[in-house]
Amino acid sequence: MTKQPRKQRTRTQNAPLHERQDQVRSTLADDLREEYGQRNVRVNAGDTVEVLRGDYAGTEAEVVEVDLREMAVYVEDVTVEKADGEEVPRPLDASNLRVTELDLEDDRREARLTEDNE
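If you're wondering where the values come from, they're calculated on a predicted model, not measured in any experiment.

Caption draft 1: The side chain of Asp 67, seen in detail. Of note, Asp 67 is situated in strand E4 (residues 60-67). Each residue touching Asp 67, except ones within four places of it in the same chain, is listed here: Ala 72 and Tyr 74.

This is the structure we're talking about:
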């Protein structure tokens, strides 16, 4: 693994999709951290997150979409107005979010979270 920032950025930009999943992880809220014994988790659509940084800091809403190609997370009430007045979702970096509630409809995700805690 290289130390050069240029090569680090290049590897991040050219990373395959299965490696990009590690880059859309956010910290868990304290109660979830205690419950599952994990510090962070991959953000999925349906999770409820709190925005920690930026203009929308303090906003708590549901994740609408996670775009692995752009490594961006789109949250329900976080939008920006275009020049023509249209509201579009604002992409957020996963590091600026805290997961406050997990969407556990996926059995495999739930099993993965609980098996580490046992």
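Caption draft 2: A look at the nonpolar core. Core analysis: the biggest nonpolar cluster contains 21 residues, and Val 73, Val 75, Val 99 and Leu 102 have the highest contact counts within it. Breaking this core down by element, the ones donating at least two residues are helix H3 (30-36), strand E3 (48-51), E4, strand E5 (72-81) and strand E7 (97-101). Apart from residues lying up to four places away in sequence, Val 73 is in contact with Val 43, Val 63, Glu 65, Arg 90, Pro 91, Leu 92, Ala 94 and Leu 97.

Caption draft 3: Geometry of the side chain of Gln 38. When you line up the elements, Gln 38 lands in the loop between H3 and strand E2 (40-42). Side-chain polar atoms of Gln 38 contact the backbone oxygen of Asn 40, separated by 3.1 Å.

Caption draft 4: Just a negative patch on the surface, in detail. On the surface, Glu 60, Glu 62, Glu 76, Asp 77 and Glu 101 cluster together to form a negatively charged patch. At the level of secondary structure, the elements contributing two or more residues to the negative patch comprise E4 and E5. Take Glu 101: it is sitting in strand E7.

Caption draft 5: View of the environment of Asn 44. Position of Asn 44 among the secondary structure elements: in the loop between E2 and E3. Between the alpha carbons of Asn 44 and Glu 62 there is a distance of 9.7 Å; along the sequence they are 18 residues apart. Setting aside anything within four residues of it in sequence, one finds Asn 44 in contact with Val 63, Val 66 and Arg 109. A polar contact is formed between the side chain of Asn 44 and the side chain of Arg 42, at a distance of 2.7 Å.

Caption draft 6: The arrangement of the pairing of strand E1 (residues 25-28) in detail. Both E1 and E2 contribute to a ladder of three bridges, which runs antiparallel. The partner of Thr 27 across the bridge, within E2, is Asn 40. Strand direction decides the pairing type here: E1 and E7, joined by two bridges, are parallel. By the bridge assignment for E7, Thr 27 is matched with Arg 98.

Caption draft 7: Here's a closer look at the pattern of salt bridges. For the structure on display, the rule yields three salt bridges. Notably, a salt bridge pairs Arg 109 with Asp 47, separated by 2.9 Å at the nearest N-O pair. Within this pair, whereas Arg 109 is found in helix H4 (residues 107-117), its partner Asp 47 is found in the loop between E2 and E3, the two being separated by 62 residues in sequence. Residue class for Arg 109 comes out buried when judged on its relative accessible area of 4%. We classify Asp 47 as buried; its relative accessible area is 0%. As a salt-bridge pair, Glu 50 and Arg 98 come within 3.0 Å of each other at their nearest N and O atoms. Taken as a pair, Glu 50 in strand E3 and Arg 98 in strand E7 lie far apart in primary sequence, 48 residues in all. The class of Arg 98 is partly exposed, set by a relative accessible area of 30%.

Reading the values: the criteria
Residues numbered from 1 in each chain as written. Predicted model: local features only at pLDDT ≥ 70, side-chain atom pairs only at ≥ 80, totals over all residues. Heavy atoms only, no water. Helix = DSSP H or I, 4+ residues; strand = E, 2+ residues; numbered from the N terminus. Contact = heavy atoms within 4.5 Å. Core = buried A, V, L, I, M, F, W, Y, C linked by side-chain atoms within 4.5 Å. Buried < 20%, exposed > 50% of the residue type's maximum accessible area, 1.4 Å probe, protein only. Polar contact = N/O pair within 3.5 Å; in protein donor to acceptor, adjacent residues only side chain to side chain. Patch = residues over 30% accessible without salt bridge, like charges linked within 9 Å, V, L, I, M, F, W, Y side chains within 5 Å. Areas by Shrake-Rupley, 256 points an atom, 1.4 Å probe, with all protein chains shown as cover. Salt bridge = Lys/Arg side-chain N within 4 Å of Asp/Glu carboxyl O. Lys, Arg positive; Asp, Glu negative; His and termini not counted. Charge placed at Lys NZ, Arg CZ, Asp CG, Glu CD. Pairing = 2+ DSSP bridges.

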